[in-house]
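Next come the chains, spelled out residue by residue.
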Amino acid sequence: MTGRQATGGCGGAGRPPSDDELITRLRRLAGQADPVPESLLSAARAAFALRDVDARVAELVRDSAVDAAQLAVRAAAGTDPRMLSFETGGTTIECEVMARSDQRDIRGQLSGGEATSVEAQVAGAATVSADVGAHGWFTIRGLPAGPLRLRCQLADGATLVTSWTPV
Amino acid sequence: VVDDASNSKLVAAAAAGDEEAWSALVDRYTSLLWNQARQYRLTPADAADVVQTTRLRLLENLDRIADPERLPGWLATTARRECMRVSRRGDIPRPGDDFTAIPDDGPAPGERLLRDERDAALWAALATMGEPCQRLLRLLISDPPPSYAEAAQILNMKVGSIGPTRQRCLKTLRRLAGLDGSES
């Protein structure tokens, strides 16, 4: 792009564009060169159905992908599984996320509570259920990449969801 | 009417289950969040995940947003954190693997889609600007654009310095793109 000879102002009138004209033109160019994807616009309304007011939210408290960045550790991407930890009250969900191109496998463990079932919700995709084994372990394979939430039914009747996290 | 409602009203209505209010709230900031994510050169798929995750975080926190008039700042902070997260997930080693949320100096996103040479030059010139100007201008060209008060929140600047900074950045851009009349 350097060295290109531009030909005068906006519309070739020879007058430099005003600030407002320039902003308007840039907005138009953004819409042409890098528009918001249609899928994202249509997903907005659909997301509302994912609201779960009765569930307790377990916050994301650790993410090895981000922790490594903050510690300036050059994480060997693709070799180590990513570790995510969610917590609420005394309940913890630890997950190992393995990536295979656009697919994700998750192995996790819920502790500090007894889960009877776990399901994985990826925004815009189907929900996948998993059984919970001894010591709260569960495995979910073949999830699509995208924002993920785990939804756990606890033995005491409560529902626990993890905070939305892109995997 | 919903389109002009304050964030406080929309957040309260959405928290009470009003889907229209939710849509209005989300539509208000989708372009802004998209521009922010793309500024960090995330792929379209990664940028879409950032925007979608940011929305879902909002949905999850509707009852807990302490000050809805600070929502733009909250969204921008959430999106910035998610930009970092998605850039480091997955199984594809990234060149350098040292994402630091600073715009790189590659071609501007979608530059090749602009047929008009002067448009392409202007779009490319924006991508060569320093981070403060790029952040401000990409924010202000969102559709709908944020108010100066919102822009100030998002950028951690004083409201009174948005106008002068915009003016200064546009002057630089005009020069970079050869639109300042000096070559005609």
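Residues numbered from 1 in each chain as written. Chains lettered and ligands numbered in written order. Predicted model: local features only at pLDDT ≥ 70, side-chain atom pairs only at ≥ 80, totals over all residues. Heavy atoms only, no water.

**Description of empty space enclosed by the protein**
Residues and elements named next belong to chain B.
Then, number 1: Following the criterion strictly, the structure yields 2 cavities of 30 Å³ or more and no others.
Then, number 2: Within this model, the largest cavity holds a volume of roughly 70 Å³.
Then, number 3: Around the largest cavity sit L32, N35, Q36, Q39, Y40, R135, R138, L139, S142, I154 and L155, which together line it.
Then, number 4: For the lining of the largest cavity, the leading source of residues is helix 2 (residues 19-39), giving 4 residues.
Then, number 5: Split by residue class, the lining of the largest cavity holds 5 nonpolar, 4 polar and 2 charged.
Then, number 6: Of the pockets and cavities examined, the second largest cavity occupies roughly 50 Å³.
Then, number 7: Listed by contribution, the elements that provide at least two residues to the lining of the second largest cavity are helix 2 and helix 3 (44-61). (1 Å grid on protein atoms, 1.4 Å probe; cavity = no way out; pocket = protein on both sides within 12 Å on 5 of 7 lines; lining within 4 Å. Points joined across faces, edges and corners; volume = space filled by probe spheres on them. Helix = DSSP H or I, 4+ residues; strand = E, 2+ residues; numbered from the N terminus. Nonpolar A, V, L, I, M, F, W, Y, C, P; charged D, E, K, R; others polar.)

**Here we look at helix 1 (residues 19-33) of chain A**
Then, number 1: With 15 residues, helix 1 of chain A extends 21 Å between its outermost C-alpha atoms, agreeing within 8% with the 21 Å of an ideal straight helix rising 1.5 Å per residue.
Then, number 2: Against the buried residues of helix 1 of chain A lie helix 5 (117-127), helix 6 (131-140) and helix 8 (159-176) of chain B. (Expected span 1.5 Å × (residues − 1). Contact = heavy atoms within 4.5 Å.)

**Section: helix 8 of chain B**
Then, number 1: Over its 18 residues, helix 8 of chain B extends 26 Å from the first C-alpha to the last, a length consistent with the 26 Å expected when each residue adds 1.5 Å.
Then, number 2: Within helix 8 of chain B, the full set of buried residues consists of I162, T165, R166, C169, L170, L173 and R174 of chain B.
Then, number 3: Elements in contact with the buried residues of helix 8 of chain B: helix 1 of chain A together with helix 5, helix 6 and helix 7 (148-155) of chain B.
Then, number 4: Following helix 8 of chain B by one or two positions, G178 of chain B adopts a phi angle in the positive range, close to 70°. (Buried < 20%, exposed > 50% of the residue type's maximum accessible area, 1.4 Å probe, protein only.)

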